[in-house]
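Observations on the model geometry
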Amino acid sequence: MTNRRLRALRRIEIATHCVPALADCVPVYRELLDYRVADSGRLPESLTAVWATPGMTGMPYALLQPASGAEVYLRFIETGDTGGYWPPVTQGWIATEVLTTDPDAVMDKLAGSAFRRIGGPADLYPSPKAARALQTAGPAGELMYFTRILPGGSRFGLHGAKSFVDRPFIMVVGGRSLADIETFYGETLGLRIWPQEPFRIGQMSQVLGLPSETTYPMSIARIPGRDFLLELEELPPELDRRQVPEGRLPQGLAIVSFTGAPLSKLNLEYRAEPRQIDLPPYAGRRVGVIEGAAGEWLELIEQAP
C-alpha cells in the first residue's frame, strides 16, 4: 500500500544524535554555529516508551534550534558511550545537511575547533548559481554538511538559509540496496523518487578509504514543498547496519523525526503503540516510530490540526 495521498512525511523536524557527552557538543554548536538550547533535561519514560528503548530513560538531552528560529532542531542525547563513532558510516542515517549563507566562512569559524573538515567547501556542480557545500565531522564524529543555496540555484527549488547557519534540510540515508530504500520511501511512505544516477561523493570515499573517483548509486526522495529532501545512497556491500544496543537507540545519528499524516491512517508497523508526548517540540502531538529498509529509525509526529 502506498501512503502518497496522505503525505506520510511532510517536513523534517528533529535530527537526533547519540553522543558520549553533551558538554563536548552543545557548547560548540552554541558558540560557533549560533544554535540556542530550546529545551533540555532528561528523557522521560513517556518518550522512551514510544521508542521502545527503556534503557534511554533518564539520559540527559539538549534540543538545539538555529538562529533563524526555524522549528527544525538538532537533538543531542548523552549516552556515556566512549567507544567512539568514527568513522560514522554504516547502513542507516549517515549525515545531517544544514543550510548556511557561507560555507567558506563556516570553515574559517570552525578552524581549530572540535570539528574536522572532510571535504569542501566546493561547488556541487558547474554553474554560477551552484550549491556550495562544506563537509565536516563534528565533536562526536557526526557527519555535518553545511550548504549554501542561492536563489534559483537549486534544481529542486529549495529555499536558502535565513541565518548564518540555519536548519537541517537534507538527511542522508544509505544501505546495501538502493532499490529497497527507494521502495520504502517511494511506495511505503509515498514520496516522489527522482531517478538514480552515479555520483562521486568525495567525503564518503575519504571516510571509507576508497579512491576519490569512486561513484555511488544515488537518488533523491522529495518531501512535498521546497524545504526538505532525503538523499538515498547505495553503500559498499561490506558495510554493516548501525549497532543498536539492547533497549536503546542506534548509535550516532540515531533517529530522524518527521511531521506527517495522522498515524492511524498510515499502514505502518510501529515499534510501540503511538502516544501523545508533551515534551517540546511535540506539544501534545501523537508520536510513533518505524524502521526503514536500511535499519534507520524514523519518528513520525502527527501534524497539528
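Computed from a predicted model, the values in this text were never measured in an experiment.

The rules behind the values
Throughout, residues of each chain are indexed from 1 in the direction in which the sequence is written. Note on the predicted model: pLDDT of at least 70 is required for a residue's local features to be given, and 80 or more for side-chain atom pairs to be given and counted; whole-chain, interface and lining totals, by contrast, use all residues. Side-chain metrics in this entry use all non-hydrogen atoms of the structure; hydrogen atoms and water are not considered. Only DSSP runs of H or I reaching four residues or more are called helices, and only runs of E reaching two or more are called strands; each is numbered from the N terminus. Whenever two N or O atoms come within 3.5 Å, that pair is a polar contact, provided that in protein one can donate a hydrogen and the other can accept it, and provided that, for residues adjacent in sequence, both atoms are side-chain atoms. In this description, contact between two residues means that some pair of their heavy atoms is separated by no more than 4.5 Å. Exposure is judged per residue with a 1.4 Å probe applied to protein chains only, and the accessible area is read against the type maximum: over 50% gives exposed, under 20% gives buried, and values in between give partly exposed. Two strands make a pair as long as DSSP finds a minimum of two bridges between them. Throughout, an axis means a line fitted to C-alpha atoms (over the contacting stretch in the case of helices), and angles, computed between N-to-C directions, take values from 0 to 180 degrees. Any two rings among Phe, Tyr and Trp, with Trp reduced to its six-membered ring, count as a pair given centres within 6.5 Å; such a pair is stacked if its planes are under 30 degrees apart, edge-to-face if over 60, and tilted if neither. We count a charge as sitting over a ring when the NZ of a lysine or the CZ of an arginine lies within 6 Å of the ring centre and within 35 degrees of the ring normal. Disulfides are defined as pairs of cysteine sulfur atoms found within 2.5 Å of each other.

**Describing the side chain of S219**
Looking at where S219 falls in the secondary structure, it is placed in strand β12 (residues 215-222). Of note is the side chain of S219, whose polar atom sits 2.7 Å from the side chain of E182. When sequence neighbours within four positions are dropped, the list of residues in contact with S219 reads L178, E182, I193, W194, P195, Q196, L230, E231 and L232.

**Overview of the pairing of strand β17 (residues 297-302)**
Of all six residues in β17, six are buried, a share of seventy percent or more. Burial along β17 is two-sided: W297, E299 and I301 facing one way and L298, L300 and E302 facing the other are all buried. Where strand β14 (residues 252-260) and β17 come together, six bridges link them in parallel fashion. Looking at the pairing, G260 lines up with E302 of β17. Sheet topology note: the strand β16 (residues 285-291)/β17 ladder contains five bridges and is antiparallel. Its bridge partner being in β17, V289 is matched across the sheet by E299. Connecting β16 to the antiparallel partner β17 that follows it, the hairpin turn spans five residues, and G295 within it adopts a positive phi of roughly 85°.

**As for the environment of G288**
Tracing the backbone shows G288 in strand β16. Residue G288 is classed as buried on the basis of its relative accessible area of 0%. Between the alpha carbons of G288 and V50 there is a distance of 6.1 Å; along the sequence they are 238 residues apart. The residues touching G288, leaving out its near neighbours within four places in the chain, are V50, L263, Y270, P274, L298, E299 and L300.

**Brief notes about the environment of I255**
Within the fold, I255 resides in strand β14. Using a relative accessible area of 0% as the deciding quantity, one classes I255 as buried. For the pair I255 and G41, spaced 214 residues apart in the sequence, the C-alpha separation amounts to 18 Å. When neighbours within four sequence positions are excluded, I255 is seen to be in contact with I14, A15, T16, W51, W93, L249, V289, W297, L298 and E299.

**As for the sheet that holds strand β3 (residues 60-65)**
Taken in spatial order, the eight strands of this open sheet run β2-β3-β4-β1-β14-β17-β16-β15, and their pairing is mixed. Unpaired on one side and paired on the other, β2 (36-42) and β15 (275-277) mark the two borders of the sheet. Here the average twist between neighbouring strands, direction ignored, is 25°. Taken together, the seven bridges between strand β1 (residues 11-19) and β14 define a ladder with antiparallel strand orientation. Within β14, the residue paired with I14 across the bridge is S257.

**Re the packing of aromatic side chains**
Evaluated as defined, the whole model comprises seven aromatic pairs. With a centroid separation of 6.3 Å and an interplanar angle of 40°, the aromatic rings of W93 and F258 are classed as tilted. Here F258 lies in strand β14 and W93 lies in strand β5 (residues 92-100), a separation of 165 residues in the sequence. Looking at F258, the relative accessible area reads 0%, which means it is buried. Relative to Y185, the ring of F184 lies with its centre 4.8 Å away and its plane at 85°, an arrangement referred to as edge-to-face. Neither residue differs from the other here; F184 and Y185 are each classed as buried. Against the face of F228 rests R167, its NZ or CZ located 4.8 Å from the ring centre.

**Quick word on the state of the cysteines**
What the rule picks out here adds up to zero disulfides. A disulfide-free cysteine, C18 has its sulfur positioned 11 Å from the sulfur of C25, the nearest such atom. Residue classification places C18 among the buried positions, given a relative accessible area of 10%. You can call C25 buried: its relative accessible area is 1%.

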